[in-house]
Amino acid sequence: MKTTIQSKRLRLTSALLLLFMALGILPLFNGCSSDDEEEAPELVAYSDLSDKTTTSILSSIPRIELSKVKSTQIKLYLSITDQDGYALTKLNRLNLKVKQVCVGTTDTTEIGSFGVTNLSTSGGKILTPLVLDYSGSMEGYTDEMEQAVSSFVKVKGKDDLAKIIKFNTNVYDTLPFMSDTTLLYAAIYDGMVADHLTAFYDAVGAGINDANSFLNSTTQSYLGAVIGFTDGHDNSSEQYSDYSLIGLSNQTQIPIYTLGFGDADTLLLSRIASSTGGRFYYAPGIGDLQNLYMIISGQLKGVYQLTWNYTGQCSEVMIIVEASYKCGNGTFKSFSFKTFEPLRK
């Protein structure tokens, strides 16, 4: 008798399940709880066919680090923008492909499982040394430069940290990183006048070292990036050359974003930025500088954070990321790469 009752219950349950599936109340083959349904992965790559303004995309990797929470987890910061430098922030995991290459070997691994979050929506913080040129050739332009960098400070996140580094023949780097915008404004408008020569490399190097020291001293995670502005050629640095500056940046994984004006060496500044995971922009007029600072601010806030567990034993790894985006003008792709020493303590 008990068996007959159980059989009837089983047949009734099966019939109800089929009915619910037909009505769309239960998804077919769904064995997940309601909590899992909310966290279901994306089914398709993000696209926007209504976007008729994007004509190409650019990607770069500002930084790769080992997680401060889980020492075997790699965290990669990825910047993806349109052709004008404006951040594309809605892409998902299926817009990206990640490969891991052991440098010096043919050992290549495609990372099949990785997490993707956006810095601005995940509570991530930014750490920016702002390097400003007060050499003699900036006479008559410092007011506009100070207004432009002030606009960057104005829109920073409340927990983001910044510091002001000024240079001419010497480097003036005395204040700590701070979040207080009033104190940052005071550091910008301290009355320094344009005079003497240009120690751009040494000033940017000081910014990298300051950021690296801070990152090594905190348990919190920041995206560190130096933003360096100059209107001329370096003719006064004693500690760093362009090559050693690039080496320092890549060793510490702190990128250099460069802004040029006037007689700046655009090819050199572009090489420094592209070799370190940053971006370079040139201001045709000093009035264009504020918009360029806003573009870089948007890029830093809009970076993606990619995470996965590292289980290899390579002393140096190259990470290659392919990004794709389909819009009204077609499908565009961009490749970026950066080397990383995962076993460095």
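Here, every reference points to the structure presented above.
Description of the structure in this document. (Residues numbered from 1 in each chain as written. Predicted model: local features only at pLDDT ≥ 70, side-chain atom pairs only at ≥ 80, totals over all residues. Heavy atoms only, no water.)

### Some remarks on unusual backbone geometry
A positive phi angle, near 70°, is found at His 196, a position not held by glycine. With respect to the helices and strands, His 196 occurs in the loop between helix 4 (181-188) and helix 5 (200-217). In the Ramachandran plot, Gln 253 falls in the positive-phi region, its phi being about 60° despite a non-glycine side chain. Here Gln 253 is to be found in the loop between helix 6 (242-252) and strand 12 (256-261). Overall, the relative accessible area of 6% leaves Gln 253 in the buried class. (Helix = DSSP H or I, 4+ residues; strand = E, 2+ residues; numbered from the N terminus. Buried < 20%, exposed > 50% of the residue type's maximum accessible area, 1.4 Å probe, protein only.)

### A short note on the state of the cysteines
Two cysteines form a disulfide when their sulfur atoms are joined by a covalent bond. Taken as a whole and judged by the stated rule, the model has one disulfide. Residue Cys 102 pairs covalently with Cys 314 via a disulfide, S to S 1.9 Å. The sign of the -120° torsion about the S-S bond sets the Cys 102-Cys 314 disulfide as left-handed. Highlighted residues: Cys 102 in strand 4 (residues 96-102) and Cys 314 in the loop between strand 14 (304-309) and strand 15 (317-327), separated in sequence by 212 residues. Take Cys 102 and Cys 314: they sit in the same class, and that class is buried. (Disulfide = S-S within 2.5 Å.)

### Focus on helix 3 (residues 142-154)
An ideal rise of 1.5 Å per residue puts 18 Å on 13 residues; helix 3 measures up with 18 Å between its terminal C-alpha atoms. What helix 3 keeps buried is the set Thr 142, Met 145, Glu 146, Ala 148, Val 149, Ser 150, Ser 151, Phe 152 and Val 153. (Expected span 1.5 Å × (residues − 1).)

### Observations concerning the pattern of salt bridges
With the rule as written, the count across this model stands at seven salt bridges. With a shortest N-O distance of 3.2 Å, Asp 159 and Lys 158 are connected by a salt bridge. Residue class for Lys 158 comes out exposed when judged on its relative accessible area of 68%. Salt bridges linked by common partners bring Lys 163, Asp 173 and Asp 210 together as one network. (Salt bridge = Lys/Arg side-chain N within 4 Å of Asp/Glu carboxyl O.)

### Side note on the sheet that holds strand 3 (residues 73-82)
Spatially, four strands are ordered 2-3-14-6 in an open sheet, and the strand pairing comes out antiparallel. The open sheet terminates on both sides in strands that have one partner only, identified here as strand 2 (57-66) and strand 6 (115-118). The sheet shows a mean angle of 25° between the axes of neighbouring strands, direction not considered. In this structure, strand 6 lies alongside strand 14, joined through four bridges in antiparallel fashion. Along strand 14, the bridge assignment pairs Asn 118 with Tyr 304. (Pairing = 2+ DSSP bridges. Axes fitted to C-alpha atoms, helices over the stretch in contact; angles between N-to-C directions.)

### Considerations on helix 4
The complete set of buried residues in helix 4 reads Leu 184, Ala 187 and Ile 188. The arc that holds the buried residues of helix 4, viewed along the axis, is 100°, so those residues lie on one side. The inward-facing, buried residues of helix 4 contact helix 3 and strand 8 (161-167). The opening residue of helix 4 is Asp 180, an N-cap whose side-chain oxygen sits 2.8 Å from the backbone nitrogen of Thr 182. (Arc of directions from axis to C-beta. Contact = heavy atoms within 4.5 Å. Polar contact = N/O pair within 3.5 Å; in protein donor to acceptor, adjacent residues only side chain to side chain.)

### Considering the nonpolar core
Ranked by internal contacts, the top residues of the largest apolar core, which has 37 residues, are Leu 130, Ile 227, Phe 229, Leu 259, Leu 289, Tyr 293 and Leu 300. Residue assignment for this core shows that the elements contributing at least two residues are strand 7 (125-133), helix 3, strand 8, helix 4, strand 11 (226-230), strand 12, strand 13 (280-283) and helix 8 (289-301). Ranked by the residues each element gives to this core, the list is headed by helix 8, at six residues. Apart from residues no more than four positions distant in its own chain, Leu 300 is found in contact with Leu 119, Ile 126, Thr 128, Phe 152, Leu 223, Ala 225, Ile 227 and Tyr 257. Formed by 27 residues, the second largest nonpolar core is a distinct cluster that contains Cys 314, Ile 319, Val 321 and Cys 327. (Core = buried A, V, L, I, M, F, W, Y, C linked by side-chain atoms within 4.5 Å.)

Note that all results are geometric; they support no functional claim without further evidence.
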